[in-house]
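Listed below, chain by chain, are the residues.
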Amino acid sequence: MSPSRETFGNIPHGGIVFFYWLTVVSIAAFTYGIWRRFQLWKKGLPIGVRAFIAGRLTEIWSRLRPRLARLLTEGLGQKRVTGRGLAGWSHIALFAGFMILFLGTTMLELDHLASGISQALKFHKGTYYVIYEFTLDIFGLIFLAGCLYFLWRRTRRPRSLGHRATDWYVLGSFLAIGLTGYIVEGLRIVWQHPTGIAAHCSPIGLVISGWLSGLTDAGARSMHRAVWWIHAVLVFGFIVSVPYTRLLHLITGPLNIFFAPGGLGRMVPLSMEEVEKTERIGVSAIDQFNQQQLLSLDACMECGRCEEACPAFATDKPLSPKKVVQDLKGHMTRILNQNGLLTSTKENQSIGCTQEPALHGGVIQAETLWSCTACSACVRVCPVRIDPLTLLTDMRRNRVGEGTLSGTAATALRRMQSSGNPWGLPAADRAVWAEGLEVPLAKEKSDFDILYWVGCAGSYDRRAQRVSRAMVKLLKLAKVNFAILGREEKCTGDSPRRLGDEFLFQELAQVNIETMAKYNVRKILTQCPHCLNSLLKDYVQFGGHYEVLHHTQFLEQLLAEGRLEVEAPGPQTEPITYHDPCYLARVNGIHQAPRNVLTASHTSSTSGLDLREMPRNREKTFCCGAGGGRMWMEEDPKKRVCTQRSAEALSTGAKTIAVGCPFCLTMMSDGVATQNESARVLDLAEILAERLRL
Ligand code: SF4
Ligand code: SF4
């Protein structure tokens, strides 16, 4: 006889009816819970779903394809969950077990419906049955292993992990569902007496049936029925609890992975028309975030990865990206509870939503907002693509618009507006660093191949000027046909944009784009990763399309082409480490070129180079503390990010710290000095120029 089993075997007809009744009730409770959250997300600013659906098919598909790919790799494939040791693998085990058990239960139900129509339609038998039972048995174990790990981990209470009483219920019920599932199977084998492959295809169930073999058939049947109901009630409890516990991320996680905008280092532009229409800049109330951002708040499962990666949190600043997300989620939910479903902010005020503190100053403190270095570490590590950085910069826009930013950062913004650089130095002095080097200016040399974008630091900061001079010497040695803009160059506007002054950024970008259009600039070389990101990802939003290369990429090319030649072999170097700038390595994925330049700077092979990598390198690099406009802010000397990062660099035993960013150059030099260490901090261009005795 073909191996098989009845779906509701041993359950009387009345019990089956009651089971379906409970199914309807629990699905209704689940749907209501999700619907309530959905109503909440809907109150955010529209994300253009309707316009998207109404678009051309080819357009829809081109935008849909990468999102579906993300859903497959990051949702189903759990790609972003790995990289955290056993915790990552346990989540994959729990997820894989859950998905297979869920799929198995659905197939069982389909078989029941099909065989209800006609026994000929029953497919839960034969080879399919054997594979089904075996697969579910094994994945049940995988599911339980994941579950046990998370229960154990929760008893250890890691600092970064969120803790709620319901977490115990969730994990406990998972464990109970898995265990009762196996007991039900064991009891079924006891009273059903399957033999051969029909019994052995459920190896775990068979083992359990051995433990219960002392039961009579009648006793096994009664017990089977009782445990079956316990199992069913636990499953219904699980379904109902999804919208009300951390399990919500089962729904919101994949949704956010799908709807979140992809890529790091991009910001949504703000238009003056929008500001005039809405009479506000940025976000001053929860419903001024967009719908995807509100959804993302509900996707957070408090895993703490963002907090562990955050340089502000690591240096005891009052900022944890996880807490920002949770505080905003709590704020959104409390408004829901007070007013039924969230109405508009004005309505909230008019209907007396007074218990709930204001977003700015109440839910999110100013110190929290301004502590962010915009390093994108939190965004990169979040398994469900939550973007705390954009939540913060959207709120920053409002604070700057309201004129509440004061101190050194506000002064830097004023100077950028009046003089085109954060130091407020005259435009006429912008190319003073180049005196004696005969650096061609774009206005005097129209046929240049590449524009050398020096940046504010490279132009005005004494230390960074040495990098610019080294670069020019290298370019000249390689006979590169280049030019600079000189006094026509202005700050790219990276700092104002990340600080929240969108219109100052747009003003600066507009002027720079016009200047570059005048000289038909297509290819740009820059030593500043912040300028690189802005020219590449910000300017494109305003019509500036350029090929932008970091100086390490360009130097790597010149070395590979033999236009710069290093005599080999070089002397054995003192230990050296390389600090990856966030906006180069993490945000723009450029981390091999700097290492190649370093290698080539010493010998034609790695033999003369003693490169010591820091534990946090490449995309996982740790910020120097200067991004997001923090360069222009005061920092408590005891809590400086650069102190922590330079300590990490020095702990490798390095005597030289190589960098590829003028901000990092300043910060790492400060950090080394604070620790009374004598290690040299050098830009890669300086190291190469030194090696070439320029
Ligand atoms: S925001 Fe993302 S990384 Fe941070 S705690 Fe929530 S889920 Fe984890
Ligand atoms: S961008 Fe960096 S500093 Fe800002 S919250 Fe995220 S991890 Fe922290």
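Refer to the structure printed above.
An account of the accompanying structure is given in this report. It should be emphasised that the depicted structure is a prediction, and the values quoted were computed from it without experimental measurement.

About the criteria used
- Residues numbered from 1 in each chain as written.
- Chains lettered and ligands numbered in written order.
- Predicted model: local features only at pLDDT ≥ 70, side-chain atom pairs only at ≥ 80, totals over all residues.
- Heavy atoms only, no water.
- Disulfide = S-S within 2.5 Å.
- Buried < 20%, exposed > 50% of the residue type's maximum accessible area, 1.4 Å probe, protein only.
- Pairing = 2+ DSSP bridges.
- Helix = DSSP H or I, 4+ residues; strand = E, 2+ residues; numbered from the N terminus.
- Contact = heavy atoms within 4.5 Å.
- Axes fitted to C-alpha atoms, helices over the stretch in contact; angles between N-to-C directions.
- Near = heavy atom within 4 Å.
- Nonpolar A, V, L, I, M, F, W, Y, C, P; charged D, E, K, R; others polar.

### Examining the state of the cysteines
Line of reasoning, step 1. Considering all chains together, one arrives at 0 disulfides under this definition.
Line of reasoning, step 2. For Cys531, which is in no disulfide, the shortest distance to another cysteine sulfur is to Cys528 and amounts to 3.7 Å.
Line of reasoning, step 3. The buried category is assigned to Cys531, whose relative accessible area is 6%.

### Some words on the sheet that holds strand S1 (residues 450–453)
Line of reasoning, step 1. In spatial order, the strands read S2-S1-S3-S4; together these 4 strands make up an open sheet with parallel pairing. One side of each edge strand has no neighbouring strand; the edge strands of this open sheet are strand S2 (482–483) and strand S4 (547–550).
Line of reasoning, step 2. Bridge count for strand S3 (residues 523–526) against S4 is 4 bridges, and the pairing is parallel. Bridge pairing in S4 places Lys523 opposite Glu547.
Line of reasoning, step 3. Helix H25 (residues 529–538) contacts S1, S3 and S4 of the sheet and is inclined by roughly 165° relative to S4.
Line of reasoning, step 4. Of the strands in this sheet, S1, S3 and S4 touch helix H26 (residues 551–560), which is tilted by about 85° from S4.

### Here's the deal with unusual backbone geometry
Line of reasoning, step 1. One non-glycine residue, Glu279, lies in positive phi territory at about 60°.
Line of reasoning, step 2. Positioned with a positive phi, Glu438 is a non-glycine residue whose angle comes to about 50°.
Line of reasoning, step 3. Considering the arrangement of structural elements, one finds Glu438 in the loop between helix H20 (407–419) and S1.

### Description of the site of ligand 1
Line of reasoning, step 1. Close to ligand 1 lie Cys300, Met301, Glu302, Cys303, Gly304, Arg305, Cys306, Lys322, Cys382, Pro383 and Ile386.
Line of reasoning, step 2. Considered class by class, the residues forming the shell around ligand 1 number 7 nonpolar, 1 polar and 3 charged.

### Digging into the sheet that holds strand S5 (residues 576–578)
Line of reasoning, step 1. One open sheet holds the 3 strands; their spatial order is S5-S6-S7, and the pairing between them is parallel. The strands lining the two open edges of the sheet, one partner per strand, are S5 and strand S7 (680–683). For this sheet the average axis-to-axis angle between neighbouring strands, irrespective of direction, equals 25°.
Line of reasoning, step 2. Judged from the 3 bridges that link them, S5 and strand S6 (residues 656–659) form a sheet pairing that is parallel. Along S6, the bridge assignment pairs Thr577 with Ile657.
Line of reasoning, step 3. Where helix H31 (residues 684–691) meets the sheet, its contacts fall on S5, S6 and S7, and the angle it forms with S7 comes to roughly 90°.

### Considerations on helix H28 (residues 592–602)
Helical periodicity: at 3.6 residues per turn, an α-helix aligns residues three or four positions apart in one direction.
Line of reasoning, step 1. The element H28 is extensively covered by neighbouring structure, given that 8 of its 11 residues are classed as buried.
Line of reasoning, step 2. Taken residue by residue, H28 has Ala593, Pro594, Arg595, Val597, Leu598, Thr599, Ser601 and His602 as its buried positions.
Line of reasoning, step 3. Of the surrounding secondary structure, the elements contacted by the buried residues of H28 are H26, S5, helix H27 (582–586), S6 and H31.

### Points about the environment of Val659
Line of reasoning, step 1. Residue position: Val659 is located in strand S6.
Line of reasoning, step 2. Residue classification places Val659 among the buried positions, given a relative accessible area of 0%.
Line of reasoning, step 3. Residues Val659 and Leu682, 23 residues apart in the sequence, show an inter-C-alpha distance of 6.1 Å.
Line of reasoning, step 4. Leaving out residues up to four positions away in the same chain, Val659 has contacts with Tyr578, His579, Cys664, Leu665, Met668, Val681, Leu682, Asp683 and Leu684.

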